[in-house]
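Close look at the chain arrangement
Chain by chain, the residues run as shown.
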Amino acid sequence: MEYLNLLAPVFAVCAVCYVAFKAKQISKADPGTDRMKEIAGYIAEGARAFLLSEYKVLVFFVAVLFVLLSIFINFATAICFLIGAAFSVAAGYIGMNTAVKANVRTANAARTAGMNKALALAFGGGSVMGMCVVGLGLLGCSVIYLITENSAILTGFSLGASSIALFGRVGGGIYTKAADVGADLVGKVENNIPEDDPRNPAAIADNVGDNVGDVAGMGADLFESYVGAIVSAVTLGIGVTGLFGGAGVTYPLALSGLGIGASLIATGFVKGKKDSDPHKALNMGSYVSALLVCLFALLLSEVCFGRLNEAISVIAGLIVGLLIGIITEYYTSGDYNSVKHIAENSTTGAATTIISGIAVGMRSTIVPTVLIAVGIYLSYRLSGLYGIALAAVGMLSTTGITVAVDAYGPIADNAGGIAEMSKLAPEVREITDKLDAVGNTTAAMGKGFAIGSAALTALALFVSFAGSVGIAERGINILDYKVTIGLFLGGMLPFMFSALTMESVSKAANKMVEEVRRQFRTIPGILAGTGKPDYKACVAISTQAALKEMLLPGVLAVICPLAVGFLLGTEALGGLLAGALVTGVLLAIFMSNAGGAWDNAKKFIEEDNYGGKGSDAHHAAVVGDTVGDPFKDTSGPSLNILIKLMTVVSLVFAPVFLKLGSLL
């Protein structure tokens, strides 16, 4: 069975090789006209400048945690923490760098070759991000474990991934929404100019934000989930080795490797046909990878365990992930009644737009919660606590293709922006708009998948934490006053965290609005198209605001579990994690889906419904979309990382909590 352990690093290396090949292929494609290259250069420069500035800030945070881990845990765990942070940074930077190259080439392909070539380039750019995430994630996990055979050390790698992910998601989310809100309020609402209009000084910053938030940020989010699921399965798998030899560890590692293989095969099925729907091509890739993983899970389970229980746990998680994506589409796509209902309510003003959007978001939590509960029930009944971790691994086994489809969206969105700012022919924008419309749906589905995977990953890590501190056997008494305190504090944290991130967007957006108004007021001829906006000033505002505002939420996510663990003990910390998991998942689903529904309600009206662009209904819908921006792209997605980071911090520092006991 030992040869199966090699599947993980071998397929991880294959994914990295694919990244190198595809990135080079995209770089060779024609970037288009001089004006297109100029606009793309602004976007690339802004995106790289932000990420490098962000990483410089994170060096200090990483250094402090490295010292703490070295002192309180051990040096090996601290080194693995550095490796996890470095791999997460590398995945985000490589994926985003390729995305900013793919966006202008997608626009040019739409100009010269049509829909199918544009789809291929946009998806190719997304697949680099996807394969970077799974390739580097599995390479780090598998090599570290195969060398050390120590799952405790492996948690350091997961903590490194989580730390970078939180700042990447929060910082990127604040950046992109500050630019987006500023561009919408002054551009669309006050001056009635189209989105991505080159006259809007915030247009470049808005496009930069798509890359740093929706590509690098999402990639870091799922990198963390992917690594966390594998680490929890390996940690719990050691506990079943008495029954199955080394199969408890081999199975999740080998299955993750085969999942990469399935995603690589599935990329070949994403091919558009003449006048075909791009959504069907992208769905084909997702379904092919899911079917292959199901087959691999069954075969591998029979080889490792001589039974299919573990495979069914994996398949349960995979199906739950797919169904959550479908349910998310139902609540956020303009093809269904939820979004149309919000659009209809926009005819009576912004207030009813907001009310109906909040109701849709709240209602959208019901089915995903039931699905997660069913997945937990089935996996536990079949394989115990280990089964819950396998369900998380199953849900994330197709991460390569899932991230590829998700990252396709912002690339298509940027391609449309470049087409608009370069003043390309209307038929080019029609192609990019069609790709972008699909991208909005895939992005919403990706957020649903990220939330579902965060729930199962955090639960699996929580189970590992419970086992490491000895409460898995005896349980937690919720009538214990310390546990109750932990539950209330944990339930409160996602609300506090969301308030901080939304306030950050509001502060940054206010600065952006003032800057855009100033430029419209002081630069002669800017609205007439004869004056040139100062794009760099808006990029600088978003960058500075994001770097400043991301620190407090990020630090709190680490300090809160440490404070509760030291002051009140492990049972109270278990309560904290449980409370944060429940409210965090529900709040994340609500905010992400409400924001997505508001966004697509606006787009539905723009398709000549209820008066179309410029109508009163459209103005109301723009207000809803503006409120929804931080919901779906900053606060909601950041909650995924909050609940995972707090859990992995608790898991890493569990030995210290046990040694010291509670101080109160």
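Structure: above.
Report follows, based on the coordinates. These figures come from a predicted structure and were not determined experimentally.

**Some points on unusual backbone geometry**
Of note in the backbone geometry, E149 takes a positive phi value of approximately 50° without being a glycine. With respect to the helices and strands, E149 occurs in the loop between helix 4 (115–148) and helix 5 (151–191). Here Y610, not a glycine, exhibits a phi torsion of approximately 55°, which is positive. In this structure, Y610 sits in the loop between helix 20 (570–606) and helix 21 (616–652).

**Considering the nonpolar core**
Counting 220 residues, the largest nonpolar core has I204, Y251 and F465 as the members making the most contacts within it. Not counting the four nearest positions on each side in its chain, I204 is found in contact with I39, Y42, I43, M421, Y535 and V539. Core analysis: the second largest hydrophobic core is formed by 6 residues, A290, V293, I315 and L318 among them.

**Some words on the pattern of salt bridges**
For the structure on display, the rule yields 19 salt bridges. Between E514 and R517 there is a salt bridge, with the nearest N and O atoms lying 3.5 Å from each other. Taken together, the residues span about one helical turn, with E514 and R517 both in helix 17 (residues 481–522) at a distance of 3 residues. Judged by relative accessible area, which is 49%, E514 ranks as partly exposed. Bridged by salt links that share partners, the residues K177, D599, K602, K603, D625, D629, K632 and D633 form one connected network.

**Some remarks on the packing of aromatic side chains**
One pass over the full model with this rule turns up 13 aromatic pairs. With a centroid separation of 5.5 Å and an interplanar angle of 50°, the aromatic rings of Y330 and Y336 are classed as tilted. Since its relative accessible area comes to 35%, Y330 is described here as partly exposed. Judged by centre distance (6.4 Å) and plane angle (25°), the ring pair of F462 and F465 falls under stacked. Of this pair, F462 and F465 are both found in helix 15 (residues 426–469), 3 residues apart, which corresponds to roughly one turn of the helix. When its relative accessible area of 16% is taken as the criterion, F462 is described as buried.

**Side note on the side chain of N593**
Residue placement: N593 occurs in helix 20. The class of N593 is buried, set by a relative accessible area of 4%. Filtering out sequence-adjacent residues up to four positions away, N593 remains in contact with T328, T332 and S364.

**Considering the environment of R517**
Judged by relative accessible area, which is 33%, R517 ranks as partly exposed. The spatial distance from the C-alpha of R517 to the C-alpha of C141 is 49 Å, given a sequence separation of 376 residues. When near neighbours in sequence (up to four residues on either side) are disregarded, R517 contacts V186 and E190.

**A closer look at the packing of helix 10 (residues 309–332) against helix 20**
Where helix 10 meets helix 20, the axes come as close as 8 Å, and the angle between the chain directions of the two elements is 45°. Relative to helix 20, the element helix 10 is oriented oblique. For the pair helix 10 and helix 20, contact is made by T328, Y331 and T332 and by N593, G596, A597 and N600, respectively. When grouped by side-chain class, the residues that make up the contact of helix 10 with helix 20 number 2 nonpolar, 5 polar and no charged.

**Details of the environment of A216**
With respect to the element layout, A216 can be found in helix 6 (residues 203–237). Contacts of A216, omitting those with residues within four sequence positions, involve L51, G92, M96 and N211.

**Some words on a nonpolar patch on the surface**
Taken together, I366, V367, V370, V374, Y377 and L378 make up a surface patch of nonpolar side chains, about 530 Å² in accessible area. Structurally, V367 can be placed in helix 13 (residues 366–396). Overall, the relative accessible area of 32% leaves V367 in the partly exposed class.

**Thoughts on a negative patch on the surface**
On the surface, D277, D335, E607 and D608 cluster together to form a negatively charged patch. What makes D335 exposed here is its relative accessible area of 60%.

**Things to note about the state of the cysteines**
A full pass over the atoms with the stated rule returns 0 disulfides. Left unpaired, C17 is separated from the closest cysteine sulfur, that of C14, by 6.4 Å.

**Quick notes on the environment of G661**
Note on placement: G661 falls in the segment after helix 22 (654–660). In this structure the C-alpha to C-alpha distance between G661 and I73, which are 588 residues apart in sequence, comes to 16 Å.

How each quantity is defined
- Residues numbered from 1 in each chain as written.
- Predicted model: local features only at pLDDT ≥ 70, side-chain atom pairs only at ≥ 80, totals over all residues.
- Heavy atoms only, no water.
- Helix = DSSP H or I, 4+ residues; strand = E, 2+ residues; numbered from the N terminus.
- Core = buried A, V, L, I, M, F, W, Y, C linked by side-chain atoms within 4.5 Å.
- Buried < 20%, exposed > 50% of the residue type's maximum accessible area, 1.4 Å probe, protein only.
- Contact = heavy atoms within 4.5 Å.
- Salt bridge = Lys/Arg side-chain N within 4 Å of Asp/Glu carboxyl O.
- Phe/Tyr/Trp six-rings, centres within 6.5 Å; stacked < 30°, edge-to-face > 60°.
- Axes fitted to C-alpha atoms, helices over the stretch in contact; angles between N-to-C directions.
- Parallel < 35°, antiparallel > 145°, perpendicular 65-115°, else oblique.
- Nonpolar A, V, L, I, M, F, W, Y, C, P; charged D, E, K, R; others polar.
- Patch = residues over 30% accessible without salt bridge, like charges linked within 9 Å, V, L, I, M, F, W, Y side chains within 5 Å.
- Areas by Shrake-Rupley, 256 points an atom, 1.4 Å probe, with all protein chains shown as cover.
- Lys, Arg positive; Asp, Glu negative; His and termini not counted.
- Charge placed at Lys NZ, Arg CZ, Asp CG, Glu CD.
- Disulfide = S-S within 2.5 Å.

Purely geometric numbers; function is a separate question.
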